[in-house]
Amino acid sequence: VEDLFSQVNINDMENVDDKLWVGTNGGLYVISLNDPSIFNANDFGRKNFNERIEDVSVLKYFEGKIYIACQIGICVYDYSEETWNLLCPSGIYNHEYISSLAINKKYIFLGTNSGLLRLEKKTGISRKYDYEFLKRINDLAISDNLLYIGTSDGLVKFKWRRDV
């Protein structure tokens, strides 16, 4: 399997149920760890959109679903239904590069080079936080009602349940 990805930039990986999801600029691949099979995610499950999944920057597993940030937006694969949905087209966040993603039951937080975006899962309503102190976001982590934001200028603690 390693030979297939020789000289390929791996942007992110996520291990779910003995399947390694591998995000690259060329696409998204799923490797079965129990046998040497590999799938292109574009051929995996039923897709409810026509675009191909490419330029994958971030993968995140949460409650039976894998969330993917890619060139078309935020895509979601539902393990139980074996379906793909486009949760949020990239135009919502001006096609910015997504460097990090954090998820809870209600929201998806997207870290970009110019700030933070919060998406409400059910409605798709978004809120941009482009405060100067956020700078470029490198990583996000949720703990209870706090969002920890790793930026190019340090660590920021954000109480996301209440808008500022």
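Residues numbered from 1 in each chain as written. Predicted model: local features only at pLDDT ≥ 70, side-chain atom pairs only at ≥ 80, totals over all residues. Heavy atoms only, no water.

## Digging into the packing of aromatic side chains
Evaluation of the coordinates by the stated rule reveals 14 aromatic pairs. Ring centres of Phe44 and Tyr77 lie 5.4 Å apart, and the angle between their planes is 45 degrees; on these two criteria the pair is classed as tilted. Of this pair, Phe44 sits in the loop between β4 (38-40) and β5 (46-47) while Tyr77 sits in strand β8 (residues 73-78); the two residues are 33 residues apart in sequence, bridging distant segments of the chain. Note on accessibility: Phe44 and Tyr77 belong to one class, buried. Seen in terms of ring centroids, Tyr77 and Trp84 are 5.0 Å apart; in terms of plane orientation they differ by 55 degrees. Their pairing is tilted. You can call Tyr77 buried: its relative accessible area is 3%. Given a relative accessible area of 0%, Trp84 falls into the buried group. Here the aromatic cluster, defined as three or more aromatic residues joined through ring pairs, consists of Trp21, Phe39, Phe44, Tyr61, Tyr77, Tyr79 and Trp84. Directly above the aromatic system of Tyr107 lies the positively charged group of Arg118, at a separation of 4.5 Å from the ring centroid. (Phe/Tyr/Trp six-rings, centres within 6.5 Å; stacked < 30°, edge-to-face > 60°. Helix = DSSP H or I, 4+ residues; strand = E, 2+ residues; numbered from the N terminus. Buried < 20%, exposed > 50% of the residue type's maximum accessible area, 1.4 Å probe, protein only. Lys NZ or Arg CZ within 6 Å of the ring centre and 35° of its normal.)

## Focus: unusual backbone geometry
One non-glycine residue, Asp17, lies in the positive phi region at around 50 degrees. Structurally, the position occupied by Asp17 is in the loop between β1 (10-16) and β2 (19-24). Judged by its relative accessible area of 58%, Asp17 falls in the exposed class. The phi angle at His95 is positive, at roughly 60 degrees, despite the residue not being glycine. Structurally, the position occupied by His95 is in the loop between β9 (83-89) and β10 (100-103).

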